[in-house]
Amino acid sequence: MKQTIILLTILLLGACKQTADVYHQTAGPNDSSAQSVDGNNHDTNDSTQDSANDIAASDSNATTAPVKTKINFSFATKVEELAHDKAVKWDGCSKNAFVKGGYDSDTTCGKAYIHYPKFAQHLDKYFYTCVADAAKLIGFNKPENIFINHMGTYNDRDARGSNTLSMHAYARAIDIAYLNITDASGKKIRISSNVRDYKGINKKFYDEFRQCWKETMPKSCEKGGSESIGSIGIPSSALGGNSLHNDHIHLSFPKCAG
Amino acid sequence: MLNTILVLTIIFLSRVTVAHEDSEDILNEKNVVQHEIYDIRNSKAKIHVIVRNDGHTLGKPFVVEVRPDCKGDGDWATLPVVDTESACDVSLGATKMNKAGNEIIITLRGPNKAAYNSGSLKVLKSEKPLCSSETKEQKFNLASFCK
């Protein structure tokens, strides 16, 4: 009996560790776009070329797949110590990146802190793919440019109505108000995450996007509430909602994810 | 020995469960700084306009919410939010309905976009939100509610 219990305990511990390991090895829905946040300066032409080479090398078996010439996100080399964790600056203005963005604007770009390395890596690996998947569903193929109109990333504060730190205090979250997507033909679309617009293509897009983001999270986050699914304000939405996220999607990389 | 293993297993499992919990935003009714109720013409429906000040949210501590009460007897906190706008500052007491009765107008100020786009730690650590100097009128269209 004792041996059986010991064996079960060991198996249980092993299973938990395996879950975490599997997460770190799992490729995204389109792994050919995966890039590492390696601390290189992605803003220079040389490093951009390096990134393109890396992608081409990782995609050598798919000979017909297009090779990206741009990186997904542009992060600064310098790792900075914030109040509770480390972070790098995301350059939302980089011309070499597919994903650009700015605070409270559809056109004016800016800089924002993103948790390093976990959230930065995760965004770099999965964000473009999840947007592309959702965009395809509403008739937009292969976004050439994604501009995030956001409401901030790093903010050293408690979660609202709580006395525990928000994911923003770790720079593990970005509040997205609008996504401006441009495809290869120059066609543009503005996706709103405001509750007043949650219908038609906005609804279709966000339901798909959140499902995709949820699938990038490890099993350890499945019972962790809405932090891991890109929380939006509509309680009746496909994955539930948080009434304080009515004019943005709170996209985070919660502690349960690593 | 058997008991020890069982206890250790239970402790381990509870720690795993606790580790899953990440704090999330929770509505705090104490943060409501303005609550006005407007009647919709020729109807028993009412419109609740709530303004909250949730504090620390980066550059946008104020949240304006429009919550229609089509039966006219609901608790505002349980009514659905059908339109909303976050702002750096709100002119409290200046909310009004237009003459036609189909719009709620509220005066607010947005954040200082340039400051927040700089990514400066000094800005991000500022205790008070940095607002734009310009005010604007935000209009909430009521035409489609309670039809």
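Residues numbered from 1 in each chain as written. Chains lettered and ligands numbered in written order. Predicted model: local features only at pLDDT ≥ 70, side-chain atom pairs only at ≥ 80, totals over all residues. Heavy atoms only, no water.

Novice: Tell me about the overall build of chain B, and name the residues and values.
Specialist: Check the secondary structure of chain B and you find three helices and eight strands. Expressed as a percentage of contacts within chain B between residues at least 6 apart in sequence, the contacts between residues at least 24 apart total 48%. Of the roughly 8,200 Å² of accessible surface on chain B, 53% is carried by carbon and sulfur atoms. (Helix = DSSP H or I, 4+ residues; strand = E, 2+ residues; numbered from the N terminus. Contact = heavy atoms within 4.5 Å. Areas by Shrake-Rupley, 256 points an atom, 1.4 Å probe, with all protein chains shown as cover.)

Novice: Hey, could you go over the sheet that holds strand β2 (residues 86-91) of chain A for me, with residue numbers and the actual values?
Specialist: All names here are of chain A. Taken in spatial order, the three strands line up as β1-β2-β4 in an open sheet, and their pairing is antiparallel. Here the strands that pair on one side only, and so sit at the sheet edges, are β1 (80-81) and β4 (111-115). Pairing between β1 and β2: two bridges, direction antiparallel. From the neighbouring strand, Glu80 faces β2, where its bridge partner is Ala87. (Pairing = 2+ DSSP bridges.)

Novice: Please give an account of the nonpolar core that cites residues and values.
Specialist: Ranked by size, the top nonpolar core spans 43 residues in total, and within it Phe127, Leu179, Phe205 and Phe209 of chain A carry the most contacts. Sorting the residues of this core by element identifies β2, β4, α3 (118-137), β5 (143-150), β6 (173-183), β7 (188-192), α4 (200-216) and β8 (249-252) of chain A as the ones contributing at least two each. Top contributing element to this core by residue count: α3 of chain A, with 11 residues. Discounting chain neighbours no more than four positions away, the residues touching Phe205 of chain A are Val131, Ala134, Ala135, Ile138, Leu179, Ile181 and Ile191 of chain A. In terms of nonpolar packing, the next biggest core, distinct from the first, is built from 17 residues, Tyr38, Ile47, Val64 and Ile106 of chain B among them. (Core = buried A, V, L, I, M, F, W, Y, C linked by side-chain atoms within 4.5 Å. Buried < 20%, exposed > 50% of the residue type's maximum accessible area, 1.4 Å probe, protein only.)

Novice: Summarise the environment of Gly102 of chain A; cite the residues concerned and give the values.
Specialist: Secondary-structure assignment places Gly102 of chain A in strand β3 (residues 99-103). Remark: the alpha-carbon pair of Gly102 of chain A and Asn149 of chain A, spanning 47 residues in sequence, is separated by 5.5 Å. When residues no more than four places from it in sequence are discounted, the contact partners of Gly102 of chain A are Thr108, Cys109, Gly110, Phe147, Ile148, Asn149 and His150 of chain A together with Asn117 of chain B.

Novice: Outline the pairing of strand β7 (residues 103-111) of chain B, listing residues and values.
Specialist: Residue and element names in this part refer to chain B. Of the strand pairs in this sheet, strand β5 (residues 89-90) and β7 are connected by two bridges, and their pairing is antiparallel. In the strand pairing of β7, Val90 is matched with Leu108. Where strand β6 (residues 96-97) lies against β7, two bridges are found, and the strand directions are antiparallel. Its bridge partner being in β7, Met97 is matched across the sheet by Ile104. As consecutive antiparallel partners, β6 and β7 are separated by five residues, and within that stretch Gly101 has a phi angle of approximately 75°, a positive value. Here β7 pairs with strand β8 (residues 131-141) via eight bridges, running antiparallel. Bridging from a neighbouring strand, Glu103 pairs with Asn141 of β8.

Novice: So, the environment of Asp158 of chain A: which residues are in play, and what are the values?
Specialist: All names here are of chain A. With respect to the helices and strands, the residue Asp158 is situated in the loop between β5 and β6. A C-alpha to C-alpha distance of 38 Å links Asp158 and Phe140, two positions 18 residues apart in sequence. Those residues in contact with Asp158 that lie beyond four places of it in its chain are Asn163, Thr164, Leu165 and Ser166.

Novice: Can you explain the confidence of the model for chain A? Please cite residues and give values.
Specialist: Averaged over every residue, the pLDDT of chain A is 77; residues scoring 70 or more account for 67%. Between residues 11-63 of chain A, whose pLDDT stays under 50, and residues either more than four places distant or in other chains, the model counts 76 contacts. (pLDDT = per-residue confidence, 0-100.)

Novice: Account for the packing of aromatic side chains, with residues named and values stated.
Specialist: Taken as a whole and judged by the stated rule, the model has 12 aromatic pairs over all chains. With a centroid separation of 5.7 Å and an interplanar angle of 75°, the aromatic rings of Phe73 of chain A and Phe127 of chain A are classed as edge-to-face. Pair noted here: Phe73 of chain A is in the loop between α2 (45-58) and β1 and Phe127 of chain A is in helix α3, with a separation of 54 residues, a long-range link. Each ring, one from Tyr103 of chain A and one from Tyr116 of chain B, has its centre 4.8 Å from the other, and the planes form 35°; the classification is tilted. You can see Tyr103 of chain A sitting in strand β3 and its partner Tyr116 of chain B sitting in helix α2 (residues 113-117), one on each of two chains. Like Tyr103 of chain A, the residue Tyr116 of chain B is buried in the burial classification. (Phe/Tyr/Trp six-rings, centres within 6.5 Å; stacked < 30°, edge-to-face > 60°.)

Novice: Can you tell me about the pattern of salt bridges, naming the residues and giving the values?
Specialist: For the structure shown, the criterion picks out 11 salt bridges over all chains. The salt bridge partner of Asp104 of chain A is Lys60 of chain B, with a shortest N-O separation of 2.9 Å. Here the residue Asp104 of chain A occupies a position in the loop between β3 and β4, and Lys60 of chain B occupies one in the loop between β2 (46-53) and β3 (62-69), the pair thus bridging two chains. Note that Glu137 of chain B and Lys96 of chain B form a salt bridge whose closest N and O atoms lie 4.0 Å from each other. Of this pair, Glu137 of chain B sits in strand β8 while Lys96 of chain B is found in strand β6, placing the two residues 41 residues apart along the sequence. Its relative accessible area of 42% is what places Lys96 of chain B among the partly exposed residues. (Salt bridge = Lys/Arg side-chain N within 4 Å of Asp/Glu carboxyl O.)

Novice: Quick rundown of the pairing of β3 of chain B? Include the residues and the values.
Specialist: Residue and element names in this part refer to chain B. β3 sits mainly inside the fold: eight of its eight residues count as buried. Here β3 shows no split at all, with Phe62, Val64, Val66 and Pro68 on one side and Val63, Glu65, Arg67 and Asp69 on the other all buried. Of the pairings in the sheet, the one linking β2 to β3 comprises eight bridges and is antiparallel in character. In the strand pairing of β3, Ile50 is matched with Glu65. Sheet analysis places β3 next to strand β4 (residues 83-87), joined by five bridges and oriented antiparallel. Across the sheet, residue Val64 finds its bridge partner in β4, namely Glu85.

Novice: I'd love a proper account of the sheet that holds strand β1 (residues 32-39) of chain B, names of residues and values included.
Specialist: Residues and elements named next belong to chain B. Across the sheet, which stays open at both edges, the four strands sit in the order β1-β2-β3-β4 with antiparallel pairing between neighbours. On the outer flanks of this sheet lie β1 and β4, each paired with one strand and no other. Here the average twist between neighbouring strands, direction ignored, is 15°. Pairing of β1 with β2, which is carried by seven bridges, proceeds in the antiparallel orientation. If you follow Glu36 over to β2, its bridge partner there is Val49. (Axes fitted to C-alpha atoms, helices over the stretch in contact; angles between N-to-C directions.)

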